[in-house]
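If you want the building blocks of each chain, they are given just below.
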Amino acid sequence: MSAAGGALSGSLRAHLAALPWEWRQCLATALAAETTRLLVEFVDGRIAAGATVYPPQPLAALQACLPADVRVVILGQDPYHGPGQAHGFAFSVPEGVRPPPSLRNIFLELSRDCACPPRRSGNLAAWCHQGVLLLNSVLTVEAGRPGSHAERGWEPLTDAVVAAVAALPAAKVFLLWGAQAQNKREQIEGTSAPHLVLTANHPSPLSARRPPQPFLGCGHFSQANRYLASRGLVPINWCH
C-alpha cells in the first residue's frame with residue numbers, strides 16, 4: 001500500500017482495515033465513528049485529487065507495537081512534510097535520511113541525559129520493539145504543507161489510541177512534548193493505572209530551549225527508565 005517517493009497510495013480505509021486485531025478491538029468505537037468516516041473521505045479524496053500525502057504507512061507505529069506491549073508513549077504533532085522523511089513513526093526518519101532539526105535535538109538530549117553516542121541513523125523504529133509507541137496526533141500530511149490534515153478526524157482517533165493504552169492496567173510512561181501532545185493528557189488522567197506523565201516543550205529549535213519547560217535538559221529518557229525500573233519493568237535502551 002505504499003508508493004515510490006514515500007507517499008501514501010491506496011485508500012486510508014484499507015490501511016485502517018489492516019490494523020492488527022488487537023488495535024481494531026480496542027478502537028472499535030473510534031473506527032466506527034462519523035469523524036473517522038469523514039477522515040477517510042477527506043484523505044482518500046485528497047489522494048484522488050492528485051495531492052501527495054505522507055507517509056506511505058500512516059499506521060506503522062500501531063503495526064509495530066501492540067497495545068499490551070506498550071511501555072512508553074512518545075507523542076508528536078504531525079508527520080514530516082518533506083519527501084522521503086515521514087515513515088509512520090513520530091520524530092523518526094527512514095535509514096539514509098538526514099535527521100531533521102527536532103530529531104537532532106532529541107539526539108542532543110539523549111547524549112546529555114543517557115550518554116548515548118552520536119547516532120548515524122534517524123530511524124527510531126527499533127524502539128517500538130522495546131514497547132515505545134511513537135505516535136503523532138495527526139497521522140497524515142500533504143507535501144510541503146505542515147498541519148494540512150489537522151482537525152480532519154485524526155485527533156479523535158489518536159485520542160482513542162492514547163485512552164486505550166492508558167486504560168490497560170500496567171504502568172506506563174507518557175512523554176508529551178509540545179502543546180498538541182499535551183492536549184492528550186486528559187485521555188491519560190482519570191485511569192486507575194499509576195502512569196507517569198512528563199511534559200516539556202516540543203524539541204523543535206523554535207521551542208527546545210524556551211522556558212518554562214525547555215526540552216533540552218528535561219531528562220525525560222532517564223526519568224522514564226527510573227520509573228519503569230521502580231515498577232519492576234525493564235528499562236528502555238534509548239541508545240539502540
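Structure: see above.
Just so we're clear, the structure is a prediction, and the values are computed from it rather than from any experiment.

A look at empty space enclosed by the protein
To locate leftover empty space, one rolls a probe as large as a water molecule over the atoms. This structure, assessed with the given rule, holds one cavity of 30 Å³ or more. One number sums up the size of the largest cavity: a volume of about 30 Å³. Along its surface, the largest cavity is lined by L16, L19, L27, L59, L62, L139, W154, L157, T158 and V161. If one sorts the elements of the lining of the largest cavity by residue count, helix α7 (residues 154–167) sits on top with four residues. The residue inventory of the lining of the largest cavity, partitioned by class, reads nine nonpolar, one polar and no charged.

Focus: the side chain of S148
Among the secondary structure elements, S148 is positioned in the loop between β4 (141–142) and α7. Here S148 falls in the buried class, since its relative accessible area comes to 13%. Polar contacts involving the side chain of S148 include one to the main-chain carbonyl oxygen of R145, which spans 2.8 Å. For S148, the residues in contact, after removing those within four places along its chain, are F42, D78, V141 and E142.

Description of the state of the cysteines
Taken as a whole, this structure holds one disulfide when the rule is applied. Each disulfide pairs two cysteine sulfurs, and for C116 the partner residue is C239, the sulfurs being separated by 2.1 Å. On the sign convention where negative is left-handed, the bridge of C116 and C239, at about -85° about the S-S bond, is left-handed. Of this pair, C116 sits in the loop between α6 (101–114) and β3 (132–136) while C239 is found in the segment after α10 (220–230), placing the two residues 123 residues apart along the sequence. The partly exposed category is assigned to C239, whose relative accessible area is 32%. No disulfide involves C26; its nearest neighbouring cysteine sulfur is the one of C65, lying 12 Å away. C218 takes part in no disulfide bond, and the closest cysteine sulfur, belonging to C114, lies 9.8 Å away. Given the relative accessible area of 14%, C218 is considered buried.

Digging into α6
Taking 1.5 Å as the rise per residue, α6 with 14 residues should run 20 Å; its terminal C-alpha atoms sit 20 Å apart, in good agreement. Here α6 has its buried residues at S102, L103, N105, I106, F107, E109, L110 and D113. Against β5 (173–177) and α10 lie the buried residues of α6. In the stretch just after α6, A115 is the one whose phi turns positive, near 55°.

Remarks on the side chain of T199
Locating T199 in the fold gives a position in strand β6 (residues 196–200). Of the polar contacts made by the side chain of T199, one reaches the side chain of Q213; its length is 2.9 Å. Apart from the residues lying within four places of it in its own chain, the contact partners of T199 are L176, Q182, R185, Q213 and H220.

About the criteria used
Residues numbered from 1 in each chain as written. Predicted model: local features only at pLDDT ≥ 70, side-chain atom pairs only at ≥ 80, totals over all residues. Heavy atoms only, no water. 1 Å grid on protein atoms, 1.4 Å probe; cavity = no way out; pocket = protein on both sides within 12 Å on 5 of 7 lines; lining within 4 Å. Points joined across faces, edges and corners; volume = space filled by probe spheres on them. Helix = DSSP H or I, 4+ residues; strand = E, 2+ residues; numbered from the N terminus. Nonpolar A, V, L, I, M, F, W, Y, C, P; charged D, E, K, R; others polar. Buried < 20%, exposed > 50% of the residue type's maximum accessible area, 1.4 Å probe, protein only. Polar contact = N/O pair within 3.5 Å; in protein donor to acceptor, adjacent residues only side chain to side chain. Contact = heavy atoms within 4.5 Å. Disulfide = S-S within 2.5 Å. Expected span 1.5 Å × (residues − 1).

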